[in-house]
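Chain by chain, the residues:
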Amino acid sequence: MNKEDIITLEDNLEYMVLDTVELNQDKYLYCVSIDQEEMPTNEYKYFKEINENGNLFTAEVEDQNIIEAITALLATDYLDSVTDDEQDV
């Protein structure tokens with residue numbers, strides 16, 4: 001799964017992938033819920049990507065330690081990209 005992909009959960013709620021990060025060789029997704037018009041809501045969640053025999057699944061991340069680590073990695077990636085953009089000017 002990549003940025004801007006849409007994930008539909010079993011309860012038919014849809015989330016757009018905002019960013020991805022790898023932690024301990026696992027891929028995590030930072031997502032926002034979208035409404036029926038595919039507009040973002042104010043509900044954000046972290047999901048772990050699970051690949052079973054080529055089939056992709058997601059599981060919501062609830063472990064606060066993992067969420068903090070993912071958040072730190074996403075912030076670092078963002079700051080690196082902003083710094084790179086400023087240096088390109």
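Above this note sits the structure.
Residues numbered from 1 in each chain as written. Predicted model: local features only at pLDDT ≥ 70, side-chain atom pairs only at ≥ 80, totals over all residues. Heavy atoms only, no water.

### Concerning the overall build of the protein
Helices and strands together make up the secondary structure of the protein, namely one helix and five strands. Across the protein, helices and strands are ordered from the amino to the carboxyl terminus as β-β-β-β-β-α. Reported as C-alpha extents along the three principal axes, the dimensions of the protein are approximately 45 × 35 × 25 Å. When each of the 89 residues of the protein is scored for burial, the buried share is 24%. Look at the contacts in the protein between residues 6 or more apart in sequence, and 27% of them connect residues 24 or more apart. Taking the 4 positively charged and 24 negatively charged side chains of the protein as two groups, their mean positions are separated by 5 Å. (Helix = DSSP H or I, 4+ residues; strand = E, 2+ residues; numbered from the N terminus. Buried < 20%, exposed > 50% of the residue type's maximum accessible area, 1.4 Å probe, protein only. Contact = heavy atoms within 4.5 Å. Lys, Arg positive; Asp, Glu negative; His and termini not counted. Charge placed at Lys NZ, Arg CZ, Asp CG, Glu CD.)

### Digging into the sheet that holds strand 4 (residues 40-52)
Ordered by their spatial adjacency, five strands build an open sheet running 1-2-3-4-5, and the pairing between neighbours is antiparallel. Edge strands, defined here as strands with exactly one partner in the open sheet, are strand 1 (6-8) and strand 5 (55-60). Direction aside, neighbouring strands of the sheet carry axes that sit 45° apart on average. For strand 4 and strand 5, the ladder comprises six bridges, and the chain directions are antiparallel. In the strand pairing of strand 5, isoleucine 50 is matched with phenylalanine 57. (Pairing = 2+ DSSP bridges. Axes fitted to C-alpha atoms, helices over the stretch in contact; angles between N-to-C directions.)

### Focus: the environment of isoleucine 67
One can find isoleucine 67 in helix 1 (residues 64-87). For isoleucine 67, a relative accessible area of 15% gives the class buried. Each C-alpha atom, one on isoleucine 67 and one on lysine 45, is 9.5 Å from the other, the two residues being 22 residues apart in sequence. What isoleucine 67 contacts, discounting residues up to four positions off in sequence, is Tyr46, Val61 and Glu62.

### What to know about the side chain of serine 33
Looking at the secondary structure, you find serine 33 in strand 3 (residues 26-34). Judged by its relative accessible area of 6%, serine 33 falls in the buried class. Excluding anything up to four places from it in sequence, serine 33 contacts Glu14, Tyr15, Met39, Pro40, Thr41 and Glu43.

### Section: the environment of threonine 41
Assignment of secondary structure puts threonine 41 in strand 4. Accessibility expressed as a relative area gives 28% for threonine 41, which makes it partly exposed. Setting aside its immediate chain neighbours within four residues, threonine 41 contacts Val32, Ser33, Ile34 and Asp35. A polar side-chain atom of threonine 41 sits 3.2 Å from the main-chain amide nitrogen of glutamate 43. (Polar contact = N/O pair within 3.5 Å; in protein donor to acceptor, adjacent residues only side chain to side chain.)

### Structural notes on the environment of isoleucine 34
One can find isoleucine 34 in strand 3. Here isoleucine 34 falls in the buried class, since its relative accessible area comes to 7%. Apart from residues lying up to four places away in sequence, isoleucine 34 is in contact with Ile6, Glu14, Tyr15, Met16, Met39, Pro40 and Thr41.

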